[in-house]
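# Notes for the structure review
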Amino acid sequence: MPTAKLILDDTTVELPVIVGTEGERAIDIRKLRTQTGYITYDPGLANTGSCQSSITFIDGEAGVLRYRGYAIEDLVEHSSFVEVSYLLIYGELPTRAQLEQFQDRLTHHSLLHEDMKKFFEGYPPSAHPMSVLSAMVASLSTYYPDSTDPEITELNMIRLLAKLKTIAAFSYKKSIGQPYIYPRNDLSYTADFLHMMFAVPSEPYEVPPLFEKVLDVLLILHADHEQNCSTSTVRMVGSSGADLFASISAGISALSGPLHGGANQAVIQMLEAIREDGGNYQKYIEKAKDPNDPFRLMGFGHRVYKNFDPRARLIKKLVDRVFNEMGINDPLLEIAQKLEEAALKDEYFIERKLYPNIDFYSGILYRAMGIPTNMYTVLFAMGRLPGWIAQWKEMREDPHTRIYRPRQIYQGATHRPYVPLDQRG
């Protein structure tokens, strides 16, 4: 095994080097503090590998994303979201029989316990669907307790994947005061969700096939993305021995932040602000370039990708198809297209590799499908769910997993004598 040499004061320490299957290299510092008394300092953990994983690979410089070794482009073209969910959770693409069995289990576990409907009644109409989603997922553990039995654990994974779309749709119906629509066993995973979202008891509703396909692709594109904030949260909570539902609930809460899952909603809000300001997109290009202006151009650049986000390339094709086939004329799309065109030609953005990311166009697609902005992050959570489940499963099965316990560099007051209350000035 190769090693790295670290010189501290007059001491040289050799640390093992771990090499991944795609050639990534990491210095194993598990014994660093024991051997030297030092720790590493890495705000945001941008240079820290918290685990070894075989689920997702990203090459941000080359714009590559693969699930279990399969290119995201191939999965979007040939697979369904349910098939990709199986791949992420179990590690291999399913056979036809395995896929049919998996789909059947998801279909027949999509109903919620009737008592859970009472939980929705307790939330105010103004409750954000993400808050409701997180709370409802956490409450599932009261109905389906954790177990050391692998079959029960797997069943809970199926239950969660099946029921999340029902919870999400019920959350939306609650927010607009409409009656809940129960899941239908004759519909696909994505069509069932859209039906529960938009159908009403008073008239029939047919899910547009194009929207069913678009949502399926969007969920695939969001299904996993290495150790991002919400995924790391799922692993951190799960490392304590917390059950699947508690861990995923925590991940949903992490995703709800505007710097994570709320980014596509922020893009729509930015485009609406530009439209209300007369549509002068060039003004906002200049504002983004001004170092003294706090304005940020939402939907450009990515923490990991230093090239085009491969998901953005795929989603842009969907935008063109949806707007052409559905005959949609959205002024926000025109502003978005002009922003993209201007930014891709501007040296400021080119030098900083600020290319459009998945959030730039996903919000426009959701908008075209009639999905309100407060549901965008909920759909992100639906897509990310199989990845979270796979990461939690991998973490729990890894014999090297330890409870997360980062260190810190203390910068507070040193020891000082206690002053009784009556002696304080």
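Right above here is the structure, for reference.
As a starting point, this report considers the structure included with it.

Rules used throughout
- Residues numbered from 1 in each chain as written.
- Predicted model: local features only at pLDDT ≥ 70, side-chain atom pairs only at ≥ 80, totals over all residues.
- Heavy atoms only, no water.
- Helix = DSSP H or I, 4+ residues; strand = E, 2+ residues; numbered from the N terminus.
- Rg over C-alpha atoms; globule rule 2.2 N^0.38 Å.
- Buried < 20%, exposed > 50% of the residue type's maximum accessible area, 1.4 Å probe, protein only.
- Areas by Shrake-Rupley, 256 points an atom, 1.4 Å probe, with all protein chains shown as cover.
- Disulfide = S-S within 2.5 Å.
- Axes fitted to C-alpha atoms, helices over the stretch in contact; angles between N-to-C directions.
- Parallel < 35°, antiparallel > 145°, perpendicular 65-115°, else oblique.
- Contact = heavy atoms within 4.5 Å.
- Nonpolar A, V, L, I, M, F, W, Y, C, P; charged D, E, K, R; others polar.
- 1 Å grid on protein atoms, 1.4 Å probe; cavity = no way out; pocket = protein on both sides within 12 Å on 5 of 7 lines; lining within 4 Å.
- Points joined across faces, edges and corners; volume = space filled by probe spheres on them.
- Pairing = 2+ DSSP bridges.
- Expected span 1.5 Å × (residues − 1).
- Bend = angle between axes of the 7 residues up to and from the residue.

### Focus on the overall build of the protein chain
If you tally the helices and strands in the protein chain, you get 18 helices and six strands. Against the compact-globule benchmark of 22 Å for 425 residues, the protein chain has a radius of gyration of 24 Å, which places it among compact chains. Each of the three principal axes of the protein chain carries a C-alpha extent, and together these read 80 × 65 × 60 Å. Looking at the protein chain as a whole, 47% of its 425 residues qualify as buried. Here the protein chain displays about 21,900 Å² of accessible surface, and carbon together with sulfur accounts for 51% of that area.

### Looking at the state of the cysteines
Overall, the coordinates contain zero disulfides when judged by the stated rule. With no disulfide of its own, cysteine 51 lies 14 Å from the sulfur of cysteine 229, the closest cysteine sulfur. For cysteine 51, a relative accessible area of 27% puts it in the partly exposed group. A relative accessible area of 47% places cysteine 229 in the partly exposed class.

### A word on the packing of helix 12 (residues 263-276) against helix 15 (residues 331-345)
Two elements in contact, helix 12 and helix 15, have axes separated by 10 Å at closest approach and are oriented at 100 degrees. For the element pair helix 12 / helix 15, the angle class is roughly perpendicular. Judged by residue contacts, Ile268, Met270, Leu271, Glu272, Ile274 and Arg275 of helix 12 engage Pro331, Leu332, Ile335, Ala336 and Leu339 from helix 15. Grouping the amino acids of the contact of helix 12 with helix 15 by side-chain chemistry returns nine nonpolar, no polar and two charged.

### Some thoughts on empty space enclosed by the protein
Counted according to the given criterion, the structure contains three cavities of 30 Å³ or more. In this structure, the largest cavity spans a volume of roughly 50 Å³. Contributing to the lining of the largest cavity are Gln103, Leu106, Thr107, Ser110, Lys165, Arg184, Asn185, Leu187, Ser188, Tyr189 and Asp192. Contributions of two or more residues to the lining of the largest cavity are made by helix 4 (96-108) and helix 8 (189-198).

### Observations concerning the pairing of strand 4 (residues 56-59)
Relative to strand 5 (residues 64-67), strand 4 runs antiparallel, the two sharing four bridges. Considered in strand 5, the bridge of isoleucine 58 is made with leucine 65. What sits between the antiparallel neighbours strand 4 and strand 5 is a turn of four residues, in which glycine 63 has the positive phi angle 70 degrees.

### Quick look at helix 18 (residues 376-397)
With 22 residues, helix 18 extends 32 Å between its outermost C-alpha atoms, agreeing within 8% with the 32 Å of an ideal straight helix rising 1.5 Å per residue. The largest bend in helix 18 amounts to roughly 45 degrees and is located at arginine 384, with the proline proline 386 lying one to four residues further along. The element helix 18 is largely enclosed, with a buried count of 20 among its 22 residues.

### Re the sheet that holds strand 5
The sheet built from three strands is open, its strands ordered 4-5-6 with antiparallel pairing. Pairing within the sheet leaves two strands with one partner each, and these edge strands are strand 4 and strand 6 (70-71). Of the strand pairs in this sheet, strand 5 and strand 6 are connected by two bridges, and their pairing is antiparallel. Looking at the pairing, arginine 66 lines up with alanine 71 of strand 6.

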